[in-house]
Amino acid sequence: MKQTAKSIAQKVNLAAFKGEVANGFRDGIPIALGYFAVAFSLGIIAKKAGIMAWLGFVSSFFTRASAGEYGVYTLVAANAAYVEVVAMSLVVNLRYMLMSAALSQKIRPNTSWFHRILMACCITDEVFGISITHKGFTPPAYTYAAALVSTLCWASGCAAGIVAGGMLPSHIVAALSVALYGMFIAVIMPPARDDRNVLYAVGASFVLSGFCAVAPVVGQWSSGTRTIVLTVLISSIAAWLKPIHDDDKA
């Protein structure tokens, strides 16, 4: 009897695992398509910096950050020192630390540290968006699947851009890149529609982000720094005004 119950539990867990993997691939495919277009334009920049296709694929596979990679390729083209490249990457990509902290609240408490660290390494803006809006706890399998399919397209897009060089007109590449921002808006709008507090926070982020981009002092900061400051500020005010209690999460 015990063996039968254990076998049934294993089958249920396996079915749930397969379902989360399938859901991750399903939600990750639109992200992957947008990533390919953006990474293609990065590949053109990498080509001008003298980076080979295989190296662009590897660097994009492990980086997956448009602003970070753009800065790296620009500095490489300018023959910058390694210290400058590392420092720039840390500043531009520092926002992912905040995303990792937020996603940790969506992970089941008994999840191992290995999975927690690996999920943090999978985070991009869009993968974070679908992972944080996952109903209930976010299973590692879901994030892994979404990250895998999107990362492969991101790295492939960069390599394809390097191979293609400057064959495509820049305005066509820019037009394709806009689709990624539309997709990200599609990720955040459903929870904003269901929760008015989220809607207020999203609206405040749009307004303050646009204002800070043209403000005299703050406008001189890097986009990554502005994102970090606004994220901490808006989320802190939202948590203070409209806290979510543990009973509300159940």
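Shown above is the structure to which this text applies.
Criteria and cut-off values
- Residues numbered from 1 in each chain as written.
- Predicted model: local features only at pLDDT ≥ 70, side-chain atom pairs only at ≥ 80, totals over all residues.
- Heavy atoms only, no water.
- Helix = DSSP H or I, 4+ residues; strand = E, 2+ residues; numbered from the N terminus.
- Buried < 20%, exposed > 50% of the residue type's maximum accessible area, 1.4 Å probe, protein only.
- Contact = heavy atoms within 4.5 Å.
- Arc of directions from axis to C-beta.
- Axes fitted to C-alpha atoms, helices over the stretch in contact; angles between N-to-C directions.
- Parallel < 35°, antiparallel > 145°, perpendicular 65-115°, else oblique.
- Left-handed = near helix turned anticlockwise from the far one by under 90°.
- Nonpolar A, V, L, I, M, F, W, Y, C, P; charged D, E, K, R; others polar.
- Lys, Arg positive; Asp, Glu negative; His and termini not counted.
- Salt bridge = Lys/Arg side-chain N within 4 Å of Asp/Glu carboxyl O.
- Polar contact = N/O pair within 3.5 Å; in protein donor to acceptor, adjacent residues only side chain to side chain.
- Expected span 1.5 Å × (residues − 1).
- Phe/Tyr/Trp six-rings, centres within 6.5 Å; stacked < 30°, edge-to-face > 60°.
- Core = buried A, V, L, I, M, F, W, Y, C linked by side-chain atoms within 4.5 Å.

**With respect to the overall build of the protein chain**
Counting secondary structure elements, the protein chain contains twelve helices and zero strands. The helix and strand sequence of the protein chain, counted from the amino end, reads α-α-α-α-α-α-α-α-α-α-α-α. Per-residue burial over the protein chain gives 34% buried out of 250 residues. Pairs at least 24 apart in sequence give 75% of the contacts found in the protein chain among residues at least 6 apart.

**As for helix H4 (residues 82-92)**
Residues of H4 that are buried include every one of Val85, Met88, Ser89 and Val92, and no others. For H4, the angular spread of buried residues about the axis comes to 100°, placing them on one side. Of the exposed residues in H4, those oriented more than 90 degrees away from the buried face are Val83 and Leu90.

**What to know about the packing of helix H3 (residues 66-77) against H4**
Close contact between H3 and H4 brings their axes to 9 Å; oriented N to C, the two are set at 160°. Considering their axes alone, H3 and H4 lie roughly antiparallel with respect to each other. Relative to H4, H3 is oriented so that their crossing is right-handed. Along the contact surface, H3 presents Ala67, Gly68, Gly71, Val72 and Leu75, while H4 presents Glu84, Val85, Met88, Ser89 and Val92. Across the contact of H3 with H4, the residue classes tally to six nonpolar, three polar and one charged.

**Focus: the side chain of Arg64**
Among the structural elements, Arg64 can be located in the loop between helix H2 (53-63) and H3. It is Glu69 that comes nearest to the buried, bridge-free Arg64 among opposite-charge side chains, at 8.0 Å. Among the polar contacts listed, one links the side chain of Arg64 to the backbone oxygen of Phe61, at a separation of 3.1 Å. Polar side-chain contacts of Arg64 include one of 3.5 Å to the side chain of Thr151.

**Some points on helix H8 (residues 140-164)**
For H8, built from 25 residues, the straight-helix expectation of 36 Å at 1.5 Å per residue is met to within 8% by its first-to-last C-alpha distance of 35 Å. Most of H8 is tucked away, with 18 of its 25 residues classed as buried.

**Quick notes on the packing of aromatic side chains**
The full count for this structure, using the stated rule, is four aromatic pairs. Relative to Phe40, the ring of Phe36 lies with its centre 6.5 Å away and its plane at 35°, an arrangement referred to as tilted. With Phe36 and Phe40 both in helix H1 (residues 2-48), this residue pair falls four residues apart, about one helical turn. Phe36 gets classed as partly exposed once you look at its relative accessible area, which sits at 34%.

**A look at the side chain of Thr124**
Relative to the assigned elements, Thr124 resides in the loop between helix H6 (113-121) and helix H7 (125-132). A distance of 2.6 Å separates the side chain of Thr124 from the side chain of Tyr35, its partner in a polar contact. In this view, Thr124 contacts Tyr35, Arg64, Tyr96 and Met99; residues no more than four positions away in its chain are not counted.

**Structural notes on unusual backbone geometry**
For Arg64, which is not glycine, the phi torsion reads 55° and is therefore positive. Accessibility expressed as a relative area gives 11% for Arg64, which makes it buried.

**Remarks on the pattern of salt bridges**
The tally for this structure, following the rule as stated, stands at two salt bridges. Asp27 is the partner of Arg26 in a salt bridge, and the nearest nitrogen-oxygen pair spans 3.0 Å. For Arg95, the salt bridge identified is with Asp125, shortest N-O distance 3.2 Å. Of this pair, Arg95 sits in helix H5 (residues 95-104) while Asp125 sits in helix H7, placing them 30 residues apart in sequence. Of the two residues examined, Arg95 and Asp125, each falls in the buried class.

**Section: the nonpolar core**
Ala46, Ile51, Tyr73, Ile130, Trp154, Cys158 and Ile162 are the most contacted members of the largest nonpolar core, which has 15 residues in total. Looking at this core, the elements that each hand over two or more residues are H1 and H8. The element contributing the most residues to this core is H1, with six residues. For Tyr73, the residues in contact, after removing those within four places along its chain, are Leu42, Ile45, Ala46, Ala49, Ile51, Gly56, Ser59, Ser60 and Cys158. Ala65, Tyr96, Met99 and Ile123 belong to the second largest nonpolar core, which has eight residues in total.

Coordinates in, geometry out; function isn't part of it.
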